Structure formats: structure tokens, C-alpha cells
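# Architecture and fold: a report
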Amino acid sequence: MSIKNDKMAILIITFILFVISLIGVLLFYFSSEYKTSDSKNISKLVDFTNCQNNDNLSKCINEKYIDNKKINIRYEKMKIAFTGEKPIGASLYINNKEIISPSAGIFRIDSLLYITKNTILLGAYEPNVKNIKVYVYDFHGNKLSEVYELDKNQEIFVEGYRFEKNKIIFTGNKYILSKSVILHQKSDNKYVIENADLCQEFLASDNLNGSDIYKAEYEMEYLSYNKLGKIKLIPGTEQTLLEYLKSIGCNV
């Protein structure tokens, strides 16, 4: 009876060890498949500049390989609407999966896209967007991030972006709407009213401060294949409004 119990105990222990080993293998598999790192999260630049500038082409096609995985990228330009027709926005497809729908009403997708093993990073020009809006999607069409305003208090908006060492680097620029006008003498007896340039706007405005950040870079880290970190200012990249005005020759 004791031998039988010992065999049963050995079987149970063996089964438990097998289950633990199986769980360990599965955890390793999923972590290696989805967890990103500098070495695993390879990015490939897709450049549609030539295609974008060619008015005879209505769509741009490219393909990239990451870890021997073929990735097809197809970008279809916005279709011009004739009288009475509804405009069809630009669209984007990864491996024939719709990422950006033509019904979204996007005017144009930025010429430079970044592809990783599981995600795509792109910029889009849209109605009511001051500069550019940046998106990160996975290949199933799920939106992982949407970045537009980098610093709400300073009114810093995205001007550009790039993928670098497992991070998205954003270049930001302060949006300043010219509200002031100046009376400009065009000839001896002719005067015209013009919008103030940035130098004049700064001198005329009570809302602009020379210590305001005008330009800066920000970063957002890839934490995993479907998770991104928070947007952070990169110290030392700031340029104040006063520094910028002096760099362009303003007498301030």
C-alpha cells in the first residue's frame, strides 16, 4: 500500500513539475514575442516622398522585412472630389488590413512612416490640426497612441517625429497666432494694414513671455509591443521664445 502511495506521489510531483515547466516555456515565448527592447524592436523607415510628389500616382506601395517577416505597406492618396461628390480621404493598409480609413477625412499622410515588427508610426495632416498629428497603430488597426499637443501649458504642438532607440522623438513648436496688425507705409500717400510678424507680435502682445518655451524635443518610450510610455521633455533641448527671436534677428 505504501509503494502504491509513493508511486502516486511521484506521479503527482512529476505532473506539477511538468505544468510549472510548461508555464515557464509559455511565459518565455510570449515575453520574447511581444516585449520590445533596443535589439528586438527594430524600426524600418518607409519613405513615400517621391511617390507623394508624383501627381500621376494615386497610391504608394512598399514592403519591408523585419525578422524575416514580410510587411506590405499601401498608402492611397486623398481622392479629389468633383462637384456634388463626397471627398474620400487618404487611407493606409498594412498587409491589406485597413489602418487609416478613407472615411476619416485625412488630407495626407506624412511621407515618412516607421514600421516595427508589430506597429506603425505615422503623421497625418487633418482638418483643424495646426501642424501634424502623430499616430501609433498595431497591425490589427488598433490605435495605440495619438499625439498632437506635447505641452498644453506652453501650447507646444508636434512639428515632426522620428523613431530612435526604442523611442519616438517628437520635435515641438509653440503655436503663436498672429492677432496684432500694423499700419505699413507703402508709398508717400498709401498705407496698408498687415498682420504683424513674430517679432512685432511679441512686442505688441501681453500674453507672450520671452521665457516661454518656443521649441523643444520630447520622447515617448515603447514599453511593450502594445504599450507606450508617457510623453517627457528631453532636458537641454528647449529654446525659449526670446532666444528664438534673437536668432532670427528680432530687435528685442
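As shown above, the structure is provided for reference.
Keep in mind that this is a model prediction, so the values were computed, not measured.

Counting across every chain of the model gives seven aromatic pairs. Relative to Tyr161, the ring of Tyr114 has its centre 6.4 Å away and its plane inclined at 70°; by these criteria the two rings are edge-to-face. One end of the pair, Tyr114, is in strand β7 (residues 112-115); the other, Tyr161, is in strand β12 (residues 156-164), and 47 residues separate them in sequence. Note on accessibility: Tyr114 and Tyr161 belong to one class, buried. Where Tyr148 meets Phe157, the ring centres are 5.0 Å apart and the plane angle is 55°; that geometry is what we call tilted. Per residue, the accessibility class of Tyr148 equals that of Phe157, and both read buried. Taken together, Tyr148, Phe157 and Tyr175 form an aromatic cluster joined through their ring pairs.

Right, let's talk about the state of the cysteines for a bit. A full pass over the atoms with the stated rule returns two disulfides. Across the disulfide from Cys51 sits Cys60; the S-S distance is 2.0 Å. Residues Cys51 and Cys60 share a disulfide whose torsion about the S-S bond is about -90°; that sign makes it left-handed. For Cys51, a relative accessible area of 12% corresponds to the buried category. Residue class for Cys60 comes out buried when judged on its relative accessible area of 1%. Shown here is the disulfide that connects Cys199 with Cys250, its sulfur atoms set 1.8 Å apart. Between Cys199 and Cys250 the sulfur-sulfur dihedral comes to about -60°; the bridge is accordingly left-handed. Of this pair, Cys199 sits in helix α3 (residues 198-204) while Cys250 sits in the segment after α4 (241-247); the two residues are 51 residues apart in sequence, bridging distant segments of the chain. A single burial state applies to Cys199 and to Cys250, both of which are buried.

Cut-off values and rules
Residues numbered from 1 in each chain as written. Predicted model: local features only at pLDDT ≥ 70, side-chain atom pairs only at ≥ 80, totals over all residues. Heavy atoms only, no water. Phe/Tyr/Trp six-rings, centres within 6.5 Å; stacked < 30°, edge-to-face > 60°. Helix = DSSP H or I, 4+ residues; strand = E, 2+ residues; numbered from the N terminus. Buried < 20%, exposed > 50% of the residue type's maximum accessible area, 1.4 Å probe, protein only. Disulfide = S-S within 2.5 Å.

Any link to function would need more than the numbers given here.
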